[in-house]
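Read off the chains here:
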Amino acid sequence: MNNYRMRLSGLACGLFLLMSSWASAQQKYWITFKDKPVYSANTWISPQAEQNRMQQGLAVYQDTDAPVNPAYIRQLKDLGIETQVTSKWLNATSAYLDEKQLQAVKKLPFVQEINGIDSRLRICSVTDGQLTPEIYSVVLNQIGAKAFIEEGLTGKGIKVGIIDVGFYGVATSASLQLIRDENRIKDTRDFVNPSHTEDFFSMETHSDYHGAEVLQLVGGYNTNQRMEFGMATGATFYLARTDHGVRETRTEEDNWIAAIERMDSLGVRLINTSLGYAMGFSNAKENYKPSEMDGKTSKISKAAQIAADQKGMLIVVSAGNEGDDPNWRIISTPADAQGVLSIGATKAKSRDRISYSSIGPDFLPYLKPNVSCFSPNGTSFSAPVITGLAACLMEKNPKLTNKQLMRIIEKSAHLYPYGNTYIGYGVPDARKALQLVKDSTAKVNTIREIHTSNKSYEVQTSDPDAERAVIFHKKTAQVVSKQEVLALVNSRLTLHRQSDEKRTTVDLGSEVIEIFWEDK
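Note that the structure is a prediction, hence the values are computed from the model and not measured. (Residues numbered from 1 in each chain as written. Predicted model: local features only at pLDDT ≥ 70, side-chain atom pairs only at ≥ 80, totals over all residues. Heavy atoms only, no water.)

Q: Quick question: what am I supposed to make of the pairing of strand β22 (residues 512-517) here?
A: Regular strands have side chains that alternate between both faces of the sheet. Counting buried positions along β22 yields six of six residues, so the element is predominantly enclosed. Here strand β16 (residues 448-452) pairs with β22 via five bridges, running parallel. From the neighbouring strand, H451 faces β22, where its bridge partner is F516. In this structure, strand β21 (residues 503-507) lies alongside β22, joined through five bridges in antiparallel fashion. Paired with T505 across the two strands is E514, which belongs to β22. With antiparallel pairing between neighbouring strands as the criterion, β21 and β22 make up a hairpin whose turn holds four residues, including G509 at a positive phi of roughly 90°. (Buried < 20%, exposed > 50% of the residue type's maximum accessible area, 1.4 Å probe, protein only. Helix = DSSP H or I, 4+ residues; strand = E, 2+ residues; numbered from the N terminus. Pairing = 2+ DSSP bridges.)

Q: Help me understand the pattern of salt bridges, please; the structure alone is not making it clear to me.
A: Once the charged atoms of two side chains with opposite charge are near each other, the side chains can pair. In total, this model carries 21 salt bridges according to the counting rule given. Here D264 ties to R53 by a salt bridge, and the two come within 3.1 Å at their closest N and O atoms. One end of the pair, D264, is in helix α8 (residues 253-265); the other, R53, is in helix α1 (residues 47-55), with 211 residues separating them in the sequence. Classification of R53 as buried rests on a relative accessible area of 0%. Note that K403 and D309 form a salt bridge whose closest N and O atoms lie 3.2 Å from each other. (Salt bridge = Lys/Arg side-chain N within 4 Å of Asp/Glu carboxyl O.)

Q: I would appreciate a short explanation of the sheet that holds strand β18 (residues 468-474) in the present structure.
A: The five strands are arranged β16-β22-β21-β18-β19 in an open sheet whose pairing can be described as mixed. Both edges of this open sheet fall to β16 and β19 (480-487), since each of them pairs with a single strand only. Pairs of neighbouring strands in the sheet enclose a mean axial angle of 20°, with direction left out of account. Two strands pair when backbone bridges link them, and β18 and β19 are joined in this way by seven bridges, in the antiparallel orientation. Looking at β19, one finds that H473 is bridged to K482. (Axes fitted to C-alpha atoms, helices over the stretch in contact; angles between N-to-C directions.)

Q: Please clarify how the packing of aromatic side chains should be interpreted in this entry.
A: Note on aromatic pairs: each is described by the distance of the centres and the angle between the planes. Counted by the stated rule, this structure contains six aromatic pairs. Considering the side-chain rings of F33 and Y72, the 5.2 Å spacing of their centres and the 45° angle between planes classify their relative orientation as tilted. One end of the pair, F33, is in strand β2 (residues 27-33); the other, Y72, is in helix α2 (residues 70-78), with 39 residues separating them in the sequence. Note on F33: relative accessible area 2%, which makes it buried. Owing to a relative accessible area of 11%, Y72 belongs among the buried residues under this scheme. A network of ring pairs unites the aromatic residues F33, Y72 and F110 as a single cluster. The ring of Y422 is capped by R353, whose NZ or CZ atom sits 4.3 Å from the centre of that ring. (Phe/Tyr/Trp six-rings, centres within 6.5 Å; stacked < 30°, edge-to-face > 60°. Lys NZ or Arg CZ within 6 Å of the ring centre and 35° of its normal.)

Q: What is the right way to read the side chain of S94 from this model?
A: Counting through the fold element by element, S94 comes out in strand β4 (residues 92-97). In this structure S94 comes out as buried when scored by relative accessible area, which is 0%. A distance of 2.6 Å separates the side chain of S94 from the side chain of D254, its partner in a polar contact. (Polar contact = N/O pair within 3.5 Å; in protein donor to acceptor, adjacent residues only side chain to side chain.)

Below, the structure is given as structure tokens:
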């Protein structure tokens, strides 16, 4: 499998679109309960899930696996309330409530809190056009995917979950023929339209190509043309549709939570998702604000953190495409959760942030996005590339925990340890990642450090082919104030310290320099 050129047909997705407000007398809420019944044993997860936890040193029997108290659900139904999705992890259920029902629920002694679910959410949707043959050959070359091919790594035996919009095209795509022939789609569940009990590969909206294209970029391979679309060409897949696309007025984060809980119960450890929530609640007093992208405000981030900390799942999430939006700019949720691997997007050669790619909040105590790679059509197409990389690493060493995998992927990236809020630790490298799987203490990056108290510094490189440099001006160790690409003259470049600048990262392609500006 040495041919990296690709030809994707259909619609290319990657934009998070603002949906219209929900016009209804009822609003949707999460109702969180105070407690659960005491159960004698954990019978709600699969033997594979138990094995995953034991392998990672996690508790096998967890309170979050226990069902919500059925008596609480019955009492809600007695009030005429039809519950929608019930989350055992959050010990909560969602439901549409009118004002009278809302006041009645508030008085129930077993209710801990009630939170509105917003009707104006940014979702992953589609753009018109096609991906050209050269586009994704670039990203596979950018991250050095050939190293996995040389070792025969295909993600074989790894369970990969994809939580997305529709999966139209899965049944017919030539690049997914091998997956179909080998019966490697093990489970499908439509949380939007549960009546689709067999599959949901029909087309309802023009968004429904998106999940299929994500699947292609995780593990697609055209056997006739010997074209590799993604790295995890031997993985098995679990597909969940949680968003209805453009026809719905909202995207339900509770569908996502239901999907992640189901996948955990089936023993799935690796998840790719390109859905994000950014705009806030219908109740103006509870609106999401950029400051609430803190990894702990939204229910979906709380569920993602439970998945990471308690279930040992690695969740790869698109960072978002609001980088150009002056009213937002930062990542959406659940990409803000500390335990997930959030993926931004870079340009193809210069490895600076593409303007649409969402940046990390400067108030977080941890770095977001975690890493980035090339994608011309949105971060929803950079995330599956990293998911495929993770699957191959899991195949190489199945005993790696989710946190170890995250660390390996981060450490293999070209800027590590000098990450920033624009592209995280940069672009991962498959060969370096394999080195780290063998020896987690290996030093795979050599970054030149410069300490100067001058107001300017002349950068020189010994690489005669270097023509330009990517510059990240940083006001703290990680927070970028400005990004630029500058031309080299005779392999040299003079940088001038900006007024608020503490550090500068210089990516010359063949080497990286970290400049520490020191006060006299």
